[in-house]
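Notes for the structure review
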Amino acid sequence: DTGVSQDPRHKITKRGQNVTFRCDPISEHNRLYWYRQTLGQGPEFLTYFQNEAQLEKSRLLSDRFSAERPKGSFSTLEIQRTEQGDSAMYLCASSFRDSGGGQFFGPGTRLTVL
Amino acid sequence: GEDVEQSLFLSVREGDSSVINCTYTDSSSTYLYWYKQEPGAGLQLLTYIFSNMDMKQDQRLTVLLNKKDKHLSLRIADTQTGDSAIYFCAEIGDSGYALNFGKGTSLLVTP
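To start, this report covers the structure provided alongside it. (Residues numbered from 1 in each chain as written. Chains lettered and ligands numbered in written order. Predicted model: local features only at pLDDT ≥ 70, side-chain atom pairs only at ≥ 80, totals over all residues. Heavy atoms only, no water.)

**Considering the pairing of strand E3 (residues 18–24) of chain B**
Residues and elements named next belong to chain B. Of the two faces of E3, the one holding Ser18, Ile20, Cys22 and Tyr24 is buried and the one holding Val19, Asn21 and Thr23 is not buried anywhere. When strand E1 (residues 4–6) meets E3, the two strands line up antiparallel, connected through three bridges. Each bridged residue has a counterpart across the sheet, and for Gln6 the counterpart in E3 is Cys22. Pairing analysis gives six bridges linking E3 to strand E8 (residues 71–76), with the strands arranged antiparallel. Residue pairing for E8: Ser18 is matched across the bridge by Ile76. (Buried < 20%, exposed > 50% of the residue type's maximum accessible area, 1.4 Å probe, protein only. Helix = DSSP H or I, 4+ residues; strand = E, 2+ residues; numbered from the N terminus. Pairing = 2+ DSSP bridges.)

Structure below.
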């Protein structure tokens, strides 16, 4: 098992463009989470999936954000019409359904919106 | 939301013990976690403790939990320069899914 992977690691885009990030969780895990981290802050929860179902979305997740996990394996996070305020590190994590044992994070995708 | 507070900086000499403290407000927290983040990287789960425990030891790491005072600490014994990183305290409460993080404590280990 190679852990959680994310692609791309870095993305630079111009304001108004759409971007899509991918996350591949640990294969045995059925929960997948997205968090956002800005400089000097801890990660903030955005949304999570149990298998292919998106069960919760934070109010941080505006209408310009959409996440999918079509087959219950990898997930994508799309941001439409990016704004400078979207610049952040986007972290993906996965866990078993009983997440008491912890969520395991990927290396993150750093987004810079110019 | 509920708050998780940590001191922002800690500097120790190599070989000394480090103690990183955290306080939280959510009385329904069931699990509490310590994560480590190196520059430009994701978060590495170091250890966790269930709320009905008061101590957990894992090699150089000791976690102490005072549930009455909602205080969590992480002690790193024999701190090495490779331990220099940001350490995040996190709790998972009633939601059962969303980790609530502090702002992180930046640990600097000097030779």
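**Considering the interface of chain B and chain A**
Taken together, the 19 residues of chain B in the interface contact 23 residues of chain A. Broken down residue by residue, the surface that chain B buries against chain A is led by Leu43(B), Tyr97(B) and Lys103(B), which jointly contribute 34%. Counting across the interface, chain B meets chain A through zero salt bridges. In this structure, the connection of chain B to chain A is made through six residue pairs in polar contact (both at pLDDT 80 or more). Sorting the residues of the side of chain B that touches chain A by element identifies strand E4 (31–37), strand E5 (43–50), strand E9 (85–92) and strand E10 (99–101) of chain B as the ones contributing at least two each. (Contact = heavy atoms within 4.5 Å. Buried area = accessible area lost by both parts, 1.4 Å probe. Salt bridge = Lys/Arg side-chain N within 4 Å of Asp/Glu carboxyl O. Polar contact = N/O pair within 3.5 Å; in protein donor to acceptor, adjacent residues only side chain to side chain.)

**Quick word on the environment of Leu74(B)**
Residue and element names in this part refer to chain B. Here Leu74 shows up in strand E8. Put simply, Leu74 and Lys103 are 29 residues apart on the chain and 15 Å apart in space, counted from C-alpha to C-alpha. Contacts of Leu74, omitting those with residues within four sequence positions, involve Ser18, Val19, Ile20, Trp34, Leu46, Thr47, Leu61, Thr62, Val63 and Tyr87.

**Quick word on the sheet that holds strand E7 (residues 65–68) of chain A**
Hydrogen bonds between backbone groups are what pair the strands of a sheet, and the pairing can be parallel or antiparallel. Residues and elements named next belong to chain A. Across the sheet, four strands lie side by side as E1-E3-E8-E7; this open sheet has antiparallel pairing. The outermost strands of the open sheet, each flanked by one partner alone, are strand E1 (5–7) and E7. Along the sheet, successive strands turn relative to each other by an average axial angle of 15°, direction set aside. In this structure, E7 lies alongside strand E8 (residues 75–79), joined through four bridges in antiparallel fashion. Pairing of Phe65 across the sheet is with Ile79, part of E8. (Axes fitted to C-alpha atoms, helices over the stretch in contact; angles between N-to-C directions.)

**Describing the packing of aromatic side chains**
Under the defined criterion, the tally for this structure stands at 19 aromatic pairs over all chains. Their ring planes at 90° and their centres at 5.4 Å tell us that Phe105(A) and Tyr35(B) sit as a pair that is edge-to-face. Placement of Phe105(A) in strand E10 (residues 104–105) and of Tyr35(B) in strand E4 is noted, with the two residues assigned to different chains. The residues Phe105(A) and Tyr35(B) share a single accessibility class, namely buried. Centre to centre, the rings of Tyr35(B) and Phe101(B) are 5.7 Å apart; their planes meet at 55°, and the pair counts as tilted. Of this pair, Tyr35(B) sits in strand E4 while Phe101(B) sits in strand E10, placing them 66 residues apart in sequence. For Tyr35(B), a relative accessible area of 0% translates into the label buried. Sitting above the plane of the Tyr48(B) ring, Lys56(B) keeps its charged end 3.9 Å from the centroid. (Phe/Tyr/Trp six-rings, centres within 6.5 Å; stacked < 30°, edge-to-face > 60°. Lys NZ or Arg CZ within 6 Å of the ring centre and 35° of its normal.)

**Details of unusual backbone geometry**
All names here are of chain A. Put simply, Asp7 and Pro8 share a cis peptide bond, and its omega is -5°. Within the element layout of this structure, Pro8 appears in the loop between E1 and strand E2 (10–13). The phi angle at Asn51 is positive, at roughly 55°, despite the residue not being glycine. Take Asn51: it is sitting in the loop between strand E5 (44–50) and strand E6 (53–57).

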